[in-house]
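# Commentary on secondary and tertiary structure
The primary structure of each chain is shown beneath.
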Amino acid sequence: MAEVTEEKVKVTEPKEPLFSKKNKKLLIDPLADNNPITIQVLGICSALAITAQLKPSIVMAISVIFVLGIGNVVISLMRNIIPSKIRIIVQLVVVAALVIVVDQVLKAFAYTLSKELSVFIGLIITNCIIMGRFEAFALANGPWKSFLDGVGNAAGYGLLLVIVAFFRELLGSGTLFGIKVLGDPIEKTGLYAIGYENNGFMVLAPMALITVGILIWIQRSRNKALIEDH
């Protein structure tokens, strides 16, 4: 009698591409349909505080992208060894360390801008978008997906900051990056020659909230799926 040996065939699932459709959604969705500011209504405080000018808004956006992208990776790598009772403390330590790095780099290479941003760089630690992504995503997913999620959400946050700052600085001061683009209001050149005047309300903090509200209205009017049923 011939002996029949059965060989077990191991079926290996193909590895998911680094930029698969699901992974791309992690980057793209927060820019529009799941934006942390306009949809989740998070990070509003910094939108009010530093969007009077374009330059500090861009620096803040880059800083948050760095902190959230790297922070998500660190939390993801540590997710299986962090005791659940102290996970919030660990998350705060991670984000605080990254914020210190950002603060020291700004002081070394852009001291004037660092003084303009003042305490707002330190307040990145309390940004609810960062802690929310640590808790909701990084603790449950691998490093690569966590990195994409962090960069995507931070980029969506930064995009809104830049848009708000663009309109506030342009309409409130007539400048972009401190450069006079509408003319000189004192010598009455450019648009000022035909009677245009800067809107002083745009540089006030409440106008940041109104501008965000207008952006939310525009976004939801264009995408009916975002309109909530009452």
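Analysis parameters
- Residues numbered from 1 in each chain as written.
- Predicted model: local features only at pLDDT ≥ 70, side-chain atom pairs only at ≥ 80, totals over all residues.
- Heavy atoms only, no water.
- UniProt positions renumbered as here; feature names shortened; annotations may be inferred.
- Helix = DSSP H or I, 4+ residues; strand = E, 2+ residues; numbered from the N terminus.
- Rg over C-alpha atoms; globule rule 2.2 N^0.38 Å.
- Buried < 20%, exposed > 50% of the residue type's maximum accessible area, 1.4 Å probe, protein only.
- Contact = heavy atoms within 4.5 Å.
- Areas by Shrake-Rupley, 256 points an atom, 1.4 Å probe, with all protein chains shown as cover.
- Lys, Arg positive; Asp, Glu negative; His and termini not counted.
- Charge placed at Lys NZ, Arg CZ, Asp CG, Glu CD.
- Phe/Tyr/Trp six-rings, centres within 6.5 Å; stacked < 30°, edge-to-face > 60°.
- Salt bridge = Lys/Arg side-chain N within 4 Å of Asp/Glu carboxyl O.
- Expected span 1.5 Å × (residues − 1).
- Core = buried A, V, L, I, M, F, W, Y, C linked by side-chain atoms within 4.5 Å.

Where an unreviewed UniProt entry is consulted, the protein chain appears under the name Na(+)-translocating NADH-quinone reductase subunit D, with the organism given as Aquimarina muelleri. Taken directly from UniProt, the Function (unreviewed entry) text for the protein chain runs: "NQR complex catalyzes the reduction of ubiquinone-1 to ubiquinol by two successive reactions, coupled with the transport of Na(+) ions from the cytoplasm to the periplasm. NqrA to NqrE are probably involved in the second step, the conversion of ubisemiquinone to ubiquinol."

### A short note on the overall build of the protein chain
For the protein chain, the helix and strand inventory stands at nine helices and two strands. Along its sequence from the N terminus, the protein chain presents helices and strands in the succession α-α-α-α-α-α-α-α-β-β-α. Here the C-alpha radius of gyration of the protein chain, 23 Å, is well above what a compact globule of 230 residues would show, namely 17 Å. Along the longest, intermediate and shortest principal axes, the C-alpha atoms of the protein chain span 105 × 40 × 35 Å. Buried positions account for 39% of the 230 residues belonging to the protein chain. A separation threshold of at least 6 residues defines the contact pool for the protein chain, and within that pool the share at least 24 residues apart is 74%. Surface exposure of the protein chain reaches about 13,900 Å², of which carbon and sulfur atoms provide 67%. Computed over 21 positive and 17 negative side-chain charges, the inter-centroid distance for the protein chain is 2 Å.

### Here's the deal with the UniProt feature "transmembrane region" (unreviewed entry) in the protein chain
According to UniProt, the feature "transmembrane region" (unreviewed entry) maps to residues 58–77, 89–111, 117–134, 146–167 and 200–218 in the numbering used here. Helix and strand shares over residues 58–77 are 100% and 0% respectively, and the end C-alpha atoms of the span are 29 Å apart. Between the end C-alpha atoms of residues 146–167 the distance is 32 Å, and the span holds 100% helix and 0% strand.

### As for the packing of aromatic side chains
The full count for this structure, using the stated rule, is three aromatic pairs. Judged by centre distance (5.9 Å) and plane angle (25°), the ring pair of W144 and F147 falls under stacked. Of this pair, W144 and F147 are both found in helix 8 (residues 143–173), three residues apart, which corresponds to roughly one turn of the helix. A relative accessible area of 31% places W144 in the partly exposed class. For F147, a relative accessible area of 30% puts it in the partly exposed group.

### Thoughts on the pattern of salt bridges
Taken as a whole, this structure holds five salt bridges when the rule is applied. One salt bridge connects K107 with D103, and the closest N-O pair in it is separated by 3.4 Å. Taken together, the positions of K107 and D103, both in helix 4 (residues 87–109) and four residues apart, correspond to about one turn of that helix. Here D149 makes a salt bridge to R133, at a shortest N to O gap of 2.9 Å. Within this pair, whereas D149 is found in helix 8, its partner R133 is found in helix 7 (residues 128–136), the two being separated by 16 residues in sequence. One exposure class covers both D149 and R133, and it is buried.

### Thoughts on the environment of G150
With respect to the helices and strands, the residue G150 is situated in helix 8. Once the C-alpha coordinates of G150 and I100 are considered, the two residues, 50 residues apart in sequence, prove to be 18 Å apart. Among all residues touching G150, those that are not within four sequence positions of it are L68, G69 and N72.

### Topic: helix 8
Over its 31 residues, helix 8 runs 43 Å from end to end, which matches the ideal 45 Å to within 8%, given 1.5 Å per residue. With its phi angle positive at about 75°, G174 sits one or two positions after the end of helix 8.

### Looking at the nonpolar core
The biggest cluster of nonpolar side chains holds 36 residues, and the ones touching the most others in it are M60, V67, I121 and I124. Secondary structure elements with two or more residues in this core: helix 2 (44–49), helix 3 (54–78), helix 4, helix 5 (111–117), helix 7, helix 8 and helix 9 (205–222). At seven residues, the largest contribution of residues to this core is made by helix 4. With near-sequence residues (within four places) excluded, I121 lies in contact with M60, S63, V99, V102, D103 and L106. Core analysis: the next-biggest nonpolar cluster, separate from the first, contains six residues, A165, L176, L182 and Y192 among them.

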